[in-house]
Amino acid sequence: MTLARLAALHGVAPSYSPSPGRTVEAPDAALIAVLAALGVDARTPESVRDALAAREAEAAARLLPPTVVLWAGEPDPAWARELPEDVTLQLTTEQGERVDGWLPSGSVPLGVHRLRATAPDGIAAEAHLIVAPPRVRTPGERTYGLLVQLYSLLSAKSWGMGDLGDLAELAAWAGRTAGAGFVQVNPLHAAVPRGEGPSDPSPYRPSSRRFPDPVHLRVEDIPEYAYLPDADRERVRELLTEAARLRDGVLHKGALIDRDAVWDLKRRALDHVLRVPLGPGRRAAYWDFLAEQGADLDHHATWCALAERHGPDWHTWPEPLRDPGSRETAEARAELMDRVDFHSHLAWLTDTQLATAQSSARDAGMPVGIVHDLAVGVHPQGADAWAQQHVFAAGMSVGAPPDAFNSRGQDWGLPPWRPDRLAAVGYAPYRALLRGLLAHAGAVRIDHVMGLFRLWWVPAGQPPTEGAYVRYDAEAMLAVLALEADRADALVIGEDLGTVEPGVREALDARGVLGTSVLWFERDWDGTGRPVPPERWRTGCVATATTHDLPSTAARLTGDHVRLRDSLGLLGRPLAPEQAEATAEVAEWTALFARLGLLPGGGGQGPSEEEEIRAVHRFLLLTPARMVGVWLPDAVGDRRPQNLPGTWDEYPNWRLPIADPTGRPVTFEELTASPRAHALIEVLRSGLPRTAPPGARLV
């Protein structure tokens, strides 16, 4: 019990409930390892007693925790009410204004301020004070949008994978022609570059969540491209020819999307383009960007330059360079300044093209625009893990405990942030990455939003079963999220699928964070087990038929997803009962669609696959969901999932282009001309308020 109490005082859960009525105790070894990662020695009974006494004494003597939250316009929070009456307060705002005494919550400006409390005996404490709006902005009118993995959308101009030029074109077409209100994309975070082997293609294990990946640049859209000298232009023309071969291989010869090959070509082209001097106005804009991004960009660009010389895993670099603040790192940065500037320049160019994509969306009449995705964490070898070592838990990885769907649990290979270190710095790293992500977004999707409340930590070298939950200050995490979203005038969407701790969805909803509802999961699990009728769906969500981790709607309806898993040996039982269960599940839903009049009747034949897909989306429109998402591959009947959880080399995760039902890749231009896609779009256009500019029409 003493170890369990010590763990609980540090936010480490001694037990968890994988299902209602069932409690599982965390192994002592897991608690000891997790506490060690938090800087607490719990290896012996004596060390546990000492650590417990120290923690209790610290709590008793503390005037203020490191970070406190004030929700604008709401009653004073518990931490304020519990301060001794004779304590004096001094507030220093973000703008540098000093105010003595306590101010009602409505009188303190939004922001992250400093609060100092002083007791009569002279003991003082300082805290970061986060003042946040009580709710995130929610959609005005209902709207629908497209969900797409950007790399998978190849156009006639793509260099072997979709890019930011394609995103701007998609947003313009979707807003003006399709009447869509948003386009949601996969995380565009900077990836870890390839080392001796291929890079990790998953957009959910990035090098940095703070900066985007320049592989998404449309090189020809960079203004300096037009002013290439003849010799450089000829070399870039040769690279364009190689890029066309890459694109042709993916679209016509069965090749997979090869991010490394695309980046090799773009990097070489960018070496030429960046030699063209910036004009005075462009140079001033670049310098402003450098000043705005500050040390974060300096660290990121330095890591990129060092990775070019020493490889992408900073743990293998010469020991002094593993410390971003060392003298040797500063000397290496100075020596590599040309490459540091190169990578800083790429970050600026990518930022400008992200801005163009959002402007294209809003100019097309989209009320939301681009929805960017925030991954759960970062790759342990990458730039963020190197630059922010002080806030990451060494020797830990984020994952999931065993549950009814996965008896072995999961290890995602992502180092977690330490909640105590985040609080100590006023959540500065979290604030910075949100600010960067929201700079050119109408909304942000938070992957595994439950991670704002707790994360499953797995000690290095141990299976996921030997982990424990670590709690975060959810109020502070939500306050930062609400503050940065308010500053960007953006919506927030939480991916809250799977096992969700009681109270989490309610807490998110109370702050205006939209959830995610996937049709096939919406069943009355506590009652009949039948599909939930549309009127009983929640309002505060994005309603959709599928996601990047799930089968496409066509695959679900035809049973292709079961056959695929069987071919890869992923089924836990024989094929026949799996197929029977999947067929019965689909039959229940299509029967509901028929009862609601969403499927065509008569003719002696059952509805076609296309008609069933349209019925799925008519059903989503019957729900009160504020936003409806259409998986773009569903518009052309793609059968293949973009990611098949539980596989690595067995399946080409994150490397497939959008394709038709036969597996033939479909270009962006072909998709926009597809009668099948237009028929589905018309279902959405006719069922929701029009968002396109006046005069726009379906063509």
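Everything here concerns the structure above.
Residues numbered from 1 in each chain as written. Predicted model: local features only at pLDDT ≥ 70, side-chain atom pairs only at ≥ 80, totals over all residues. Heavy atoms only, no water.

**Q** Even after reading the chapter, I still don't get the overall build of the protein chain, so can you show me in this structure?
**A** If you tally the helices and strands in the protein chain, you get 21 helices and 21 strands. The C-alpha atoms of the protein chain give 26 Å as radius of gyration, which agrees with the globular expectation for 699 residues (27 Å, within 12%). Seen along its three principal axes, the alpha-carbon backbone of the protein chain occupies a region of about 85 × 70 × 50 Å. Here the protein chain holds 699 residues, and 56% of them are scored as buried. The long-range fraction of contacts in the protein chain, counting pairs at least 24 apart against all pairs at least 6 apart in sequence, stands at 71%. With the model as given, the accessible surface of the protein chain reaches about 29,300 Å², and the carbon-plus-sulfur share is 52%. Counting 70 positive and 92 negative side-chain charges, the protein chain places the averaged centre of each group 3 Å from the other. (Helix = DSSP H or I, 4+ residues; strand = E, 2+ residues; numbered from the N terminus. Rg over C-alpha atoms; globule rule 2.2 N^0.38 Å. Buried < 20%, exposed > 50% of the residue type's maximum accessible area, 1.4 Å probe, protein only. Contact = heavy atoms within 4.5 Å. Areas by Shrake-Rupley, 256 points an atom, 1.4 Å probe, with all protein chains shown as cover. Lys, Arg positive; Asp, Glu negative; His and termini not counted. Charge placed at Lys NZ, Arg CZ, Asp CG, Glu CD.)

**Q** Help me out: how do you make sense of the packing of aromatic side chains in this one?
**A** Aromatic rings in a pair are described by how distant their centres are and how their planes are angled relative to each other. Within this structure, the stated rule accounts for 14 aromatic pairs. A ring pair is formed by Y204 and W654, whose centres lie 5.6 Å apart and whose planes are at 45°; its orientation type is tilted. In this pair, Y204 is assigned in the loop between β10 (189-190) and β11 (208-212) and W654 in the loop between β21 (627-631) and α20 (668-672), connecting sequence segments 450 residues apart. Note on Y204: relative accessible area 10%, which makes it buried. Taking the relative accessible area as the measure of exposure, W654 reaches 9% and is therefore buried. By the ring-pair criterion, three or more aromatic residues cluster together here, those being W520, W537, W589, F593 and F619. Cation over ring: R454 sits above Y469, and NZ or CZ is 3.7 Å from the ring centre. Residue placement shows R511 over the ring face of W71; its charged tip is 3.7 Å from the ring centre. (Phe/Tyr/Trp six-rings, centres within 6.5 Å; stacked < 30°, edge-to-face > 60°. Lys NZ or Arg CZ within 6 Å of the ring centre and 35° of its normal.)

**Q** Please explain the pattern of salt bridges as it appears in this structure.
**A** Side chains bearing opposite charge may pair, as long as their charged atoms lie close to each other. For the coordinates displayed, the defined rule picks out 52 salt bridges. Measuring nitrogen to oxygen at the nearest pair gives 2.9 Å for the salt bridge that ties E335 to R309. Taken as a pair, E335 in helix α9 (residues 327-335) and R309 in helix α8 (residues 280-310) lie far apart in primary sequence, 26 residues in all. For E335, a relative accessible area of 56% corresponds to the exposed category. Salt bridges sharing common partners tie together E242, D264, R267, R268, D271, E308 and R339. (Salt bridge = Lys/Arg side-chain N within 4 Å of Asp/Glu carboxyl O.)

**Q** Looking at this structure, I do not really get empty space enclosed by the protein. What am I missing?
**A** The probe, sized like a water molecule, is rolled over the atoms to show the empty space still left. Evaluation of the coordinates by the stated rule reveals six cavities of 30 Å³ or more. By volume, the largest cavity amounts to about 260 Å³. Lining the largest cavity we find 21 residues, and of these R209, V376, W417, G451 and L455 sit closest to its centre. Class assignment of the residues belonging to the lining of the largest cavity gives a composition of 16 nonpolar, three polar and two charged. Of the volumes computed, that of the second largest cavity is approximately 190 Å³. L147, Q184, R445, T547 and H548 are the residues nearest the centre of the second largest cavity, which is lined by 19 residues in total. Its residues assigned to classes, the lining of the second largest cavity comprises eight nonpolar, eight polar and three charged. (1 Å grid on protein atoms, 1.4 Å probe; cavity = no way out; pocket = protein on both sides within 12 Å on 5 of 7 lines; lining within 4 Å. Points joined across faces, edges and corners; volume = space filled by probe spheres on them. Nonpolar A, V, L, I, M, F, W, Y, C, P; charged D, E, K, R; others polar.)

**Q** Would you mind showing me how to read the pairing of β21 here?
**A** For a regular strand, side-chain orientation follows a simple rule: the groups alternate between the two sheet faces. The element β21 is largely enclosed, with a buried count of five among its five residues. Here β21 shows no split at all, with M627, G629 and W631 on one side and V628 and V630 on the other all buried. Strand direction decides the pairing type here: strand β20 (residues 541-544) and β21, joined by three bridges, are parallel. Of the residues in β21, the one forming a bridge with V542 is M627. (Pairing = 2+ DSSP bridges.)

**Q** Where do I start with the packing of α8 against α9 in this structure?
**A** When two helices pack together, you describe them by how their axes are tilted relative to each other and by the distance separating the axes. At their nearest, the axes of α8 and α9 sit 10 Å apart, and the two run at 80° to each other. Of the possible angle classes, the one that applies to α8 and α9 is roughly perpendicular. Each of D298, H299, T302, L306 and R309 in α8 lies in contact with α9, whose residues at this interface are T329, A332, R333 and E335. Looking at the contact of α8 with α9 residue by residue, the classes come out as two nonpolar, three polar and four charged. (Axes fitted to C-alpha atoms, helices over the stretch in contact; angles between N-to-C directions. Parallel < 35°, antiparallel > 145°, perpendicular 65-115°, else oblique.)

**Q** Would you explain the sheet that holds strand β14 (residues 410-414) in this entry?
**A** Taken together, the four strands give an open sheet; going across it, the order is β14-β13-β16-β17, and neighbouring strands pair in antiparallel fashion. Sheet topology places β14 and β17 (468-471) at the edges, where each strand pairs with a single neighbour. Taken pair by pair, the neighbouring strands of this sheet meet at an average axis angle of 50°, ignoring direction. With four bridges joining them, strand β16 (residues 454-459) and β17 adopt antiparallel strand pairing. In the strand pairing of β17, W456 is matched with Y469.

**Q** In this structure, what is going on with the environment of A364? I would like to understand it.
**A** Tracing the sequence through the fold places A364 in the loop between α10 (337-363) and β12 (369-374). For A364, a relative accessible area of 0% gives the class buried. As for A364 and G467, which are separated by 103 residues in sequence, their C-alpha atoms are 48 Å apart.

**Q** Looking at this structure, I do not really get the packing of helix α17 (residues 560-567) against helix α18 (residues 575-595). What am I missing?
**A** One way to put it is that α17 packs onto α18 with a least axis distance of 9 Å and a crossing angle of 160°. When the axis of α17 is compared with that of α18, the two are roughly antiparallel. With respect to the hand of their crossing, α17 and α18 are arranged in right-handed fashion. Across the interface between the two elements, H561, V562, R563 and D566 from α17 touch L575, E578, Q579 and A582 from α18. Across the contact of α17 with α18, the residue classes break down as three nonpolar, two polar and three charged. (Left-handed = near helix turned anticlockwise from the far one by under 90°.)

**Q** Whenever I open this one, the environment of E56 confuses me. Can you help?
**A** As for its placement among the helices and strands, E56 is situated in helix α3 (residues 45-61). Look at E56 and you get partly exposed, because its relative accessible area is 34%. For E56, the residues in contact, after removing those within four places along its chain, are R5 and L9. In terms of polar contacts, E56 uses its side chain to reach the side chain of R5, at 2.8 Å. (Polar contact = N/O pair within 3.5 Å; in protein donor to acceptor, adjacent residues only side chain to side chain.)

**Q** So what exactly am I meant to see when it comes to the side chain of R556 here?
**A** Mapped onto the elements of the fold, R556 is located in helix α16 (residues 553-558). For the buried residue R556, which engages in no salt bridge, the nearest side chain bearing the opposite charge is E585, 4.2 Å off. When residues no more than four places from it in sequence are discounted, the contact partners of R556 are W520, L550, P551, H561, E585 and V586.

**Q** Even after reading the chapter, I still don't get helix α14 (residues 474-488), so can you show me in this structure?
**A** Along an α-helix, a turn takes 3.6 residues, which lines up residues three or four apart on a common side. Compared with an ideal rise of 1.5 Å per residue, which puts 15 residues at 21 Å, α14 spans 21 Å between its outermost C-alpha atoms and is within 8% of the ideal. The buried count for α14 comes to 11 of 15 residues, which makes it a mostly enclosed element. Regarding α14, the residues found buried are A474, A476, M477, L478, A479, V480, L481, A482, L483, E484 and A485. D489, located one to two residues past α14, shows a positive phi value of around 55°. (Expected span 1.5 Å × (residues − 1).)

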